[in-house]
Amino acid sequence: MTDNAMMDCFGFRSVESSDFVNVDGCFVDKEVLPFYNKLKERLAEDGFALRLESGYRPFERQLSIWNRKASGELKLLDANGVPMERPADEEKLMYVILTWSALPGASRHHLGSDLDVVDGNACPEGYEVQLTPAECNGMFAPFHQKLTQLMDSGDAFGFSRVFVPGRGKIQPEQWHIAHLPTSRKRLENFSLTELRRIYERTDIACKSALLDNLDRLAEDYIYPYFI
Ligand SMILES: [Zn+2]
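Residues numbered from 1 in each chain as written. Predicted model: local features only at pLDDT ≥ 70, side-chain atom pairs only at ≥ 80, totals over all residues.

## Side note on the overall build of the chain
Stage number 1. Counting secondary structure elements, the chain contains ten helices and six strands.
Stage number 2. Taken against the 2.2 N^0.38 rule, which gives 17 Å for 227 residues, the C-alpha radius of gyration of the chain at 18 Å falls within 12% of a compact globule.
Stage number 3. Oriented by its inertia axes, the alpha-carbon framework of the chain measures out at about 50 × 45 × 30 Å.
Stage number 4. Here the analysis covers contacts within the chain between residues at least 6 apart in sequence; of these, 69% occur between residues at least 24 apart. (Helix = DSSP H or I, 4+ residues; strand = E, 2+ residues; numbered from the N terminus. Rg over C-alpha atoms; globule rule 2.2 N^0.38 Å. Contact = placed C-beta atoms within 7 Å.)

Below is the structure:
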(Lines give C-alpha, C1' and ligand atoms only; values in the text may rest on other atoms or scores of the structure.)
Protein backbone atom coordinates (compact mmCIF):
# COMPACT_ATOMS: atom_id res chain seq x y z
CA MET A 1 0.00 0.00 0.00
CA THR A 2 1.30 3.44 -0.86
CA ASP A 3 1.08 6.34 1.57
CA ASN A 4 -1.26 8.02 -0.88
CA ALA A 5 -3.67 5.09 -0.89
CA MET A 6 -3.61 5.17 2.88
CA MET A 7 -4.37 8.88 3.08
CA ASP A 8 -7.18 8.66 0.46
CA CYS A 9 -9.60 7.26 3.00
CA PHE A 10 -9.06 10.23 5.36
CA GLY A 11 -10.21 12.81 2.81
CA PHE A 12 -6.85 14.12 1.66
CA ARG A 13 -7.46 13.79 -2.08
CA SER A 14 -7.81 17.07 -3.95
CA VAL A 15 -11.12 17.62 -5.74
CA GLU A 16 -9.01 18.88 -8.65
CA SER A 17 -7.41 15.44 -9.05
CA SER A 18 -8.39 13.23 -11.97
CA ASP A 19 -10.01 10.83 -9.47
CA PHE A 20 -13.19 12.90 -9.45
CA VAL A 21 -15.95 14.03 -11.76
CA ASN A 22 -18.36 16.86 -11.07
CA VAL A 23 -22.01 15.79 -10.93
CA ASP A 24 -24.71 18.31 -9.94
CA GLY A 25 -21.95 20.49 -8.47
CA CYS A 26 -20.70 17.63 -6.24
CA PHE A 27 -17.59 15.49 -6.61
CA VAL A 28 -17.91 11.76 -7.26
CA ASP A 29 -15.11 9.21 -7.55
CA LYS A 30 -14.90 8.37 -11.25
CA GLU A 31 -14.98 4.64 -10.38
CA VAL A 32 -18.48 5.17 -8.98
CA LEU A 33 -19.83 7.24 -11.87
CA PRO A 34 -20.89 4.37 -14.23
CA PHE A 35 -22.89 2.74 -11.41
CA TYR A 36 -24.44 6.06 -10.44
CA ASN A 37 -25.51 6.64 -14.06
CA LYS A 38 -27.06 3.16 -14.24
CA LEU A 39 -28.99 3.78 -11.03
CA LYS A 40 -30.13 7.15 -12.37
CA GLU A 41 -31.39 5.53 -15.59
CA ARG A 42 -33.19 2.79 -13.67
CA LEU A 43 -34.94 5.31 -11.41
CA ALA A 44 -35.87 7.48 -14.40
CA GLU A 45 -37.90 4.54 -15.76
CA ASP A 46 -40.21 5.08 -12.78
CA GLY A 47 -40.29 8.87 -13.11
CA PHE A 48 -37.66 9.74 -10.48
CA ALA A 49 -34.78 12.17 -11.11
CA LEU A 50 -31.81 11.02 -9.03
CA ARG A 51 -29.92 14.15 -7.93
CA LEU A 52 -26.85 14.64 -5.76
CA GLU A 53 -26.81 16.95 -2.76
CA SER A 54 -23.37 15.89 -1.54
CA GLY A 55 -20.53 13.63 -2.64
CA TYR A 56 -16.83 13.63 -1.82
CA ARG A 57 -15.96 15.94 1.07
CA PRO A 58 -12.29 16.64 1.89
CA PHE A 59 -10.89 16.48 5.42
CA GLU A 60 -10.53 20.28 5.60
CA ARG A 61 -14.23 20.75 4.90
CA GLN A 62 -15.33 18.28 7.60
CA LEU A 63 -12.84 19.87 10.01
CA SER A 64 -14.31 23.30 9.29
CA ILE A 65 -17.86 22.03 10.00
CA TRP A 66 -16.65 20.40 13.23
CA ASN A 67 -14.78 23.47 14.49
CA ARG A 68 -17.60 25.88 13.59
CA LYS A 69 -20.12 23.72 15.46
CA ALA A 70 -17.82 23.67 18.48
CA SER A 71 -17.33 27.45 18.43
CA GLY A 72 -21.04 28.17 18.09
CA GLU A 73 -20.71 29.64 14.60
CA LEU A 74 -22.95 26.83 13.32
CA LYS A 75 -26.11 25.80 15.17
CA LEU A 76 -25.92 22.81 17.52
CA LEU A 77 -28.93 20.50 17.26
CA ASP A 78 -30.11 17.84 19.70
CA ALA A 79 -31.15 14.33 18.59
CA ASN A 80 -34.60 15.68 17.63
CA GLY A 81 -33.08 18.36 15.43
CA VAL A 82 -33.92 21.15 17.89
CA PRO A 83 -31.30 23.92 18.41
CA MET A 84 -29.63 23.65 21.83
CA GLU A 85 -27.20 25.45 24.15
CA ARG A 86 -23.49 24.77 23.74
CA PRO A 87 -22.35 22.53 26.64
CA ALA A 88 -19.37 23.95 28.58
CA ASP A 89 -17.88 20.49 29.10
CA GLU A 90 -15.67 19.50 26.16
CA GLU A 91 -16.62 15.82 26.18
CA LYS A 92 -20.35 16.64 26.25
CA LEU A 93 -19.84 19.14 23.43
CA MET A 94 -18.06 16.49 21.36
CA TYR A 95 -20.96 14.04 21.73
CA VAL A 96 -23.51 16.73 20.80
CA ILE A 97 -21.59 17.55 17.60
CA LEU A 98 -21.38 13.81 16.82
CA THR A 99 -25.18 13.56 16.82
CA TRP A 100 -25.27 15.10 13.33
CA SER A 101 -21.66 15.53 12.17
CA ALA A 102 -19.07 12.89 11.39
CA LEU A 103 -15.60 12.82 12.90
CA PRO A 104 -13.20 14.66 10.56
CA GLY A 105 -11.02 11.98 8.96
CA ALA A 106 -13.67 9.31 9.54
CA SER A 107 -16.59 10.67 7.51
CA ARG A 108 -17.78 8.29 4.82
CA HIS A 109 -17.97 11.34 2.56
CA HIS A 110 -14.14 11.21 2.48
CA LEU A 111 -14.33 7.93 0.55
CA GLY A 112 -15.69 9.33 -2.72
CA SER A 113 -18.12 6.40 -2.88
CA ASP A 114 -20.83 7.89 -0.67
CA LEU A 115 -23.55 10.22 -1.87
CA ASP A 116 -26.49 12.17 -0.42
CA VAL A 117 -29.35 11.88 -2.90
CA VAL A 118 -32.83 13.25 -3.50
CA ASP A 119 -35.51 13.07 -6.20
CA GLY A 120 -35.18 16.24 -8.25
CA ASN A 121 -38.68 15.70 -9.65
CA ALA A 122 -40.25 15.87 -6.17
CA CYS A 123 -38.62 19.18 -5.19
CA PRO A 124 -40.96 22.16 -5.43
CA GLU A 125 -39.60 25.10 -7.47
CA GLY A 126 -36.91 26.94 -5.51
CA TYR A 127 -37.05 24.49 -2.59
CA GLU A 128 -33.84 24.25 -0.59
CA VAL A 129 -33.17 20.62 0.38
CA GLN A 130 -32.46 20.11 4.11
CA LEU A 131 -31.73 16.35 4.15
CA THR A 132 -34.02 15.52 7.06
CA PRO A 133 -36.10 12.48 8.03
CA ALA A 134 -39.19 14.67 7.52
CA GLU A 135 -38.38 15.09 3.81
CA CYS A 136 -37.75 11.34 3.44
CA ASN A 137 -41.15 10.60 4.96
CA GLY A 138 -42.77 13.41 2.96
CA MET A 139 -41.96 14.60 -0.55
CA PHE A 140 -39.21 12.00 -1.11
CA ALA A 141 -41.10 9.00 0.33
CA PRO A 142 -42.00 7.38 -3.05
CA PHE A 143 -38.37 7.85 -4.21
CA HIS A 144 -36.99 6.18 -1.08
CA GLN A 145 -39.51 3.33 -1.34
CA LYS A 146 -38.32 2.65 -4.88
CA LEU A 147 -34.68 2.86 -3.82
CA THR A 148 -35.34 0.40 -0.98
CA GLN A 149 -37.04 -1.98 -3.38
CA LEU A 150 -34.10 -1.86 -5.82
CA MET A 151 -31.57 -2.37 -3.02
CA ASP A 152 -33.52 -5.27 -1.50
CA SER A 153 -33.75 -7.05 -4.84
CA GLY A 154 -30.06 -6.53 -5.67
CA ASP A 155 -30.88 -4.17 -8.53
CA ALA A 156 -29.19 -1.01 -7.18
CA PHE A 157 -25.84 -1.53 -8.98
CA GLY A 158 -23.84 -1.94 -5.75
CA PHE A 159 -25.44 0.93 -3.82
CA SER A 160 -26.71 0.46 -0.28
CA ARG A 161 -27.74 2.56 2.69
CA VAL A 162 -25.20 2.66 5.50
CA PHE A 163 -26.75 4.70 8.31
CA VAL A 164 -29.68 2.49 9.22
CA PRO A 165 -31.55 2.02 12.52
CA GLY A 166 -29.85 -0.37 14.97
CA ARG A 167 -26.34 0.10 13.56
CA GLY A 168 -23.82 2.16 15.58
CA LYS A 169 -24.65 5.54 17.13
CA ILE A 170 -25.01 7.75 14.05
CA GLN A 171 -28.57 8.90 13.33
CA PRO A 172 -30.24 6.98 10.47
CA GLU A 173 -29.89 8.79 7.11
CA GLN A 174 -32.03 7.42 4.30
CA TRP A 175 -30.62 9.93 1.84
CA HIS A 176 -27.04 8.68 2.28
CA ILE A 177 -26.14 5.88 -0.14
CA ALA A 178 -22.78 4.18 -0.66
CA HIS A 179 -21.29 2.24 -3.54
CA LEU A 180 -20.06 -0.59 -1.35
CA PRO A 181 -17.62 -2.30 -3.77
CA THR A 182 -15.73 1.02 -3.96
CA SER A 183 -15.96 2.03 -0.31
CA ARG A 184 -14.72 -1.39 0.83
CA LYS A 185 -11.54 -0.88 -1.17
CA ARG A 186 -10.96 2.56 0.39
CA LEU A 187 -11.71 1.37 3.93
CA GLU A 188 -9.02 -1.34 3.74
CA ASN A 189 -6.58 1.54 4.17
CA PHE A 190 -8.20 3.07 7.25
CA SER A 191 -6.05 3.11 10.38
CA LEU A 192 -7.17 4.36 13.77
CA THR A 193 -3.52 4.91 14.72
CA GLU A 194 -3.14 7.21 11.73
CA LEU A 195 -6.37 9.07 12.63
CA ARG A 196 -4.94 9.64 16.12
CA ARG A 197 -1.76 11.06 14.58
CA ILE A 198 -3.81 13.34 12.34
CA TYR A 199 -5.73 14.71 15.36
CA GLU A 200 -2.51 15.22 17.32
CA ARG A 201 -1.16 17.54 14.64
CA THR A 202 -4.46 19.25 13.69
CA ASP A 203 -6.11 22.33 15.17
CA ILE A 204 -9.34 20.50 15.99
CA ALA A 205 -11.93 21.47 18.63
CA CYS A 206 -12.41 19.06 21.57
CA LYS A 207 -8.96 17.61 20.83
CA SER A 208 -8.35 16.13 24.33
CA ALA A 209 -11.80 14.56 24.45
CA LEU A 210 -11.29 13.07 20.99
CA LEU A 211 -7.87 11.63 21.84
CA ASP A 212 -8.99 10.32 25.27
CA ASN A 213 -12.05 8.58 23.81
CA LEU A 214 -10.88 7.58 20.36
CA ASP A 215 -11.09 3.79 20.78
CA ARG A 216 -14.62 4.04 22.15
CA LEU A 217 -15.63 6.53 19.44
CA ALA A 218 -14.38 4.14 16.77
CA GLU A 219 -16.53 1.32 18.21
CA ASP A 220 -19.66 3.50 18.14
CA TYR A 221 -19.19 5.89 15.21
CA ILE A 222 -16.69 4.36 12.78
CA TYR A 223 -16.40 0.55 12.69
CA PRO A 224 -20.16 -0.26 12.67
CA TYR A 225 -20.28 1.40 9.25
CA PHE A 226 -17.43 -0.60 7.71
CA ILE A 227 -19.85 -2.86 5.86
ZN1 LIG B 1 -24.21 11.78 3.76
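## A word on the domain arrangement of the chain
Stage number 1. Entries for the chain in the domain assignment read domain 1 (15–57 + 109–178) and domain 2 (59–106 + 191–227).
Stage number 2. A separation of 24 Å is found between the C-alpha centroids of domain 1 and domain 2.
Stage number 3. Taken together, the contact pairs nine residues of domain 1 with eleven residues of domain 2.
Stage number 4. Residues belonging to the side of domain 1 that touches domain 2 are distributed by class as follows: two nonpolar, four polar and three charged. (Domains from an automatic or database assignment. Nonpolar A, V, L, I, M, F, W, Y, C, P; charged D, E, K, R; others polar.)

## Things to note about the pairing of strand E2 (residues 26–29)
Stage number 1. Neither face of E2 is open: one carries Cys 26 and Val 28, the other Phe 27 and Asp 29, and all of them are buried.
Stage number 2. Sheet topology note: the strand E1 (residues 20–23)/E2 ladder contains four bridges and is antiparallel. For Asn 22, the partnering residue across the bridge sits in E2 and is Phe 27.
Stage number 3. Count of turn residues in the E1/E2 antiparallel hairpin: two residues, of which Asp 24 carries a positive phi of about 55°. (Buried ≥ 20, exposed ≤ 12 C-beta atoms within 10 Å, placed from the backbone. Pairing = 2+ DSSP bridges.)

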